[in-house]
Amino acid sequence: MRALQAEGVKTIFGYPGGTIMPVYDALFDYTRGEKKCFDHILVRHEQGATHAAEGYARVSGEVGVVLVTSGPGVTNTLTGIADAMLDSTPIVVIAGQVPITALGTDAFQEVDLVGVAQPISKWSYQIRRAEDVAWAVSRAFYIARTGRPGPVVLDFTKNAQVEEIDWEPRKVDFVRSYVPYPKLDEAAVREAAELINNAQRPLALVGQGVELGNAQEELKAFLEKADIPAGRTMLGLSALPSNHPLNVGMLGMHGNYAVNLKEQECDVLIAIGMRFSDRVTGNVKTYAKQAKIIHLDIDRSEIDKNVKTNVAVVADCKESLPALTALLNRNKHTEWRASFKALDEKERTKVIESAIHPAEGPLLMGEVVNAVAEQAHDDAVLVTDVGQNQLFATRYFKYHHKRSICTSGGLGTMGYGMPAAIGATFAAPDRQVCCFMGDGGFQMCIEELGTIMEQKAPVKMILMNNHYLGNVRQWQDMFWMRRKSFTKMMNPCYELIAQGYGIPYAAVTDRSQLAAAVERMLTTDGPFIMECAIKEEDNVLPMTPPGMNVNDMMLEI
């Protein structure tokens, strides 16, 4: 407890069990009375604890903390650990373990956690002695939060939990062979600046690295000085406000039409804190072959991994962006920026208008997201589950404030939304948290309604119910001859479920009810479930078919 205090921990998401019981007994005193310094949030499933910690970390910028028992308790966290690894989310998972005398005996609820977690974490370590606790906890937080953030796992043997030692605080701020902040190469910065100064059609690709580096203002200064249009990855959407004049939309398979096509026309492509995911590049063999590519990233392993770069600036973007900006000429790319407008208009008329303002027929996901976005506060946090709900929500929500999006990007974890939203409410209790879910993802972590009920967590849950696993169904229709193999869902009565958990509920079956239901949801104190009856075969567009070229993006099916 004192080691966690020293790291500034305020909130812990967890679930007790046999091998972590000594820690929970100590926690008792630190959650009440004069010693109180932690809030412990009892989740209903250990996977929910990791996603809640992820949501907390993404919105607060701090490290999320998870406390669970051994065996199934910790194996239930592995999905969240892998999710955090792929999305560079700093969490520390502390798990109980059998005593060292029982290791390797197949003891009750024993599992080789260090071995299992090693490939999906930044560091995994087994604490075998009480004297190692302070050092291990400090090292864990140092590794989780520095450089490119990520998950760390501590396997805490029961004997080490009950041994007694004199408390000696430890502060780890150096690990041999671990260089979280590479030294900025000034020659690379000069080379990058020369390419940008000579560019006629520059384009920036903004990733979550800008948010992780708290470099939102540095990004704006960079873009504005050289007049560079910028697209954002899904995880980087709130790194640049939606209404910024240089924002040209979302990148990727279901991103905006103009910015995706312009990747194939630009002469200099500047990637900032992003990893050239396959969902951004499409067919990598044909991706941006006409462009000189500059890659700014803190993680050297991302350089040339997917896309060959001409200049790599390996450093924290909080440092590299100002260094680069200082060498840029003040510029105007009026004609180049204007060339986006015709493509934007084409997407607006063919896709956006009919998605958010349909004239008739059943409710559409796009119009539900737009209705919520129009009434939500400017600093509202968007949380999504995974699937069509995620794609529509990220496309049509509005971002005005930094750290305003929580979604599972790299792993694509259904069930992420509800617990991540719980974590977001503890990270930012004064901000609205709007969580969009499909009927499939809602049921994957539906037990966390119990956590929401107990904590009175003010999660505004928008359930977009189309009775399908919608994204898989769309792919089946497009690529598998409409053979809908096990994507139709029989769903429960969500009104009765909401009633059982004491959560206010509204059903929207017609668009005439939508605006009033959104207003009621957003003005109700505490949690709320708004269920919307969505058109069963609503499709997300535009779309670049998997494995195709970015400029093959489809506006219609």
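Residues numbered from 1 in each chain as written. Predicted model: local features only at pLDDT ≥ 70, side-chain atom pairs only at ≥ 80, totals over all residues. Heavy atoms only, no water.

1. Details of the overall build of the protein
Then comes step 1: Helix and strand content of the protein: 23 helices and 18 strands.
Then comes step 2: A compact globule built from 557 residues should have a C-alpha radius of gyration of about 24 Å, and the protein, at 24 Å, falls within 12% of that.
Then comes step 3: Once the C-alpha set of the protein is aligned to its principal axes, its extents read approximately 70 × 60 × 45 Å.
Then comes step 4: Across the 557 residues of the protein, 59% fall into the buried class.
Then comes step 5: Expressed as a percentage of contacts within the protein between residues at least 6 apart in sequence, the contacts between residues at least 24 apart total 76%.
Then comes step 6: Only carbon and sulfur atoms are counted for the fraction: they give 51% of the accessible area of the protein, which is about 22700 Å².
Then comes step 7: Side-chain charges of the protein comprise 55 positive and 67 negative groups, with the mean position of each set lying 4 Å from the other. (Helix = DSSP H or I, 4+ residues; strand = E, 2+ residues; numbered from the N terminus. Rg over C-alpha atoms; globule rule 2.2 N^0.38 Å. Buried < 20%, exposed > 50% of the residue type's maximum accessible area, 1.4 Å probe, protein only. Contact = heavy atoms within 4.5 Å. Areas by Shrake-Rupley, 256 points an atom, 1.4 Å probe, with all protein chains shown as cover. Lys, Arg positive; Asp, Glu negative; His and termini not counted. Charge placed at Lys NZ, Arg CZ, Asp CG, Glu CD.)

2. With respect to the pairing of strand E6 (residues 152-157)
Then comes step 1: With respect to burial, E6 is a largely interior element, six of its six residues being buried.
Then comes step 2: Taken together, the five bridges between strand E5 (residues 123-127) and E6 define a ladder with parallel strand orientation. Along E6, the bridge assignment pairs Ile127 with Phe156.
Then comes step 3: Traced from E5 through helix H7 (residues 133-145) to E6, the parallel crossover comes out right-handed. (Pairing = 2+ DSSP bridges. Right-handed = clockwise from strand over helix to strand, strands pointing away.)

3. Points about the packing of aromatic side chains
Here the distance between the centres and the angle between the planes together describe a pair of aromatic rings.
Then comes step 1: Applying the stated criterion to the full structure yields 14 aromatic pairs.
Then comes step 2: Seen from their ring centres, Trp123 and Trp135 are 6.1 Å apart, and the 90° between their planes marks the pair as edge-to-face. On the criterion of sequence distance, the pair formed by Trp123 in strand E5 and Trp135 in helix H7 is long-range, its members being 12 residues apart.
Then comes step 3: Given the relative accessible area of 15%, Trp123 is considered buried.
Then comes step 4: With a centroid separation of 5.9 Å and an interplanar angle of 90°, the aromatic rings of Tyr142 and Tyr178 are classed as edge-to-face. Placement of Tyr142 in helix H7 and of Tyr178 in the loop between helix H8 (158-162) and helix H9 (186-197) is noted, with a sequence separation of 36 residues between them.
Then comes step 5: What links up through ring pairs into an aromatic cluster is the set Phe13, Tyr56 and Phe426.
Then comes step 6: When the ring centre of Phe28 is taken as reference, the NZ or CZ atom of Arg32 above it lies at 3.8 Å.
Then comes step 7: A cation over an aromatic ring shows up here: Arg139 above the ring of Trp123, its NZ or CZ 4.5 Å from the ring centre. (Phe/Tyr/Trp six-rings, centres within 6.5 Å; stacked < 30°, edge-to-face > 60°. Lys NZ or Arg CZ within 6 Å of the ring centre and 35° of its normal.)

4. Some thoughts on helix H11 (residues 216-226)
Then comes step 1: Those residues of H11 not exposed but buried are Gln216, Leu219, Lys220, Phe222, Leu223, Lys225 and Ala226.
Then comes step 2: Contacts made by the buried residues of H11 are with H9, strand E7 (202-206), helix H10 (209-212), strand E8 (230-232), strand E10 (268-272) and helix H14 (317-326).

5. Thoughts on the sheet that holds strand E4 (residues 91-97)
Then comes step 1: Across the sheet, six strands lie side by side as E2-E1-E3-E4-E6-E5; this open sheet has parallel pairing. Bordering the open sheet on either side are strand E2 (39-42) and E5, each of which pairs with just one other strand. Between one strand and the next, the sheet's axes are offset by a mean angle of 20°, whatever the strand orientation.
Then comes step 2: Bridge count for strand E1 (residues 11-14) against strand E3 (residues 64-68) is two bridges, and the pairing is parallel. Residue pairing across strands places Phe13 opposite Val66, the latter belonging to E3. (Axes fitted to C-alpha atoms, helices over the stretch in contact; angles between N-to-C directions.)

6. Considering the environment of Pro429
Then comes step 1: Mapped onto the elements, Pro429 comes out in the loop between helix H18 (417-427) and strand E15 (433-438).
Then comes step 2: Pro429 sits 28 residues away from Ala457 along the chain, and the two C-alpha atoms are 8.9 Å apart.

7. Thoughts on the pattern of salt bridges
Then comes step 1: Taken as a whole, this structure holds 25 salt bridges when the rule is applied.
Then comes step 2: For Glu218, the salt bridge goes to Lys318, with nearest N and O atoms at 3.0 Å. Here Lys318 lies in helix H14 and Glu218 lies in helix H11, a separation of 100 residues in the sequence.
Then comes step 3: A residue is classified by how much of its surface remains accessible, and Lys318, at 37% relative accessible area, is partly exposed.
Then comes step 4: For Asp227, the salt bridge goes to Arg337, with nearest N and O atoms at 2.9 Å. In this pair, Asp227 is assigned in the loop between H11 and E8 and Arg337 in helix H15 (residues 334-356), connecting sequence segments 110 residues apart.
Then comes step 5: Accessibility expressed as a relative area gives 4% for Asp227, which makes it buried. (Salt bridge = Lys/Arg side-chain N within 4 Å of Asp/Glu carboxyl O.)

8. Section: the side chain of Asp385
Then comes step 1: Structurally, Asp385 is set in the loop between strand E13 (381-384) and helix H17 (388-396).
Then comes step 2: The side chain of Asp385 is buried and forms no salt bridge, while Arg58, the nearest opposite charge, is found at 12 Å.
Then comes step 3: In terms of polar contacts, Asp385 uses its side chain to reach the backbone amide nitrogen of Tyr416, at 3.3 Å.
Then comes step 4: Here the side chain of Asp385 touches Gly417 through a polar contact of 3.0 Å, landing on its backbone nitrogen.
Then comes step 5: If we ignore the near neighbours within four places in the chain, the residues touching Asp385 are Gln390, Thr407, Thr413, Met414, Gly415, Tyr416, Gly417, Met418, Phe436, Met437 and Gly441. (Polar contact = N/O pair within 3.5 Å; in protein donor to acceptor, adjacent residues only side chain to side chain.)

9. Some details on the packing of H11 against H14
Then comes step 1: The geometry of H11 relative to H14 is characterised by a closest axis approach of 9 Å and an angle of 25° between their N-to-C directions. Taken together, the axes of H11 and H14 are roughly parallel relative to one another. The interaxial crossing formed by H11 with H14 has left-handed handedness. Contacts between H11 and H14 involve Glu218, Leu219, Ala221, Phe222 and Lys225 from the first element and Lys318, Leu321, Pro322, Leu324, Thr325 and Ala326 from the second. (Parallel < 35°, antiparallel > 145°, perpendicular 65-115°, else oblique. Left-handed = near helix turned anticlockwise from the far one by under 90°.)

10. Describing a negative patch on the surface
Then comes step 1: On the surface, Asp185, Glu186, Glu191, Glu194 and Glu319 cluster together into a patch of negative charge.
Then comes step 2: Looking at which element gives the most residues to the negative patch, the answer is H9, with three residues.
Then comes step 3: Assignment of secondary structure puts Asp185 in the loop between H8 and H9.
Then comes step 4: Since its relative accessible area comes to 44%, Asp185 is described here as partly exposed. (Patch = residues over 30% accessible without salt bridge, like charges linked within 9 Å, V, L, I, M, F, W, Y side chains within 5 Å.)

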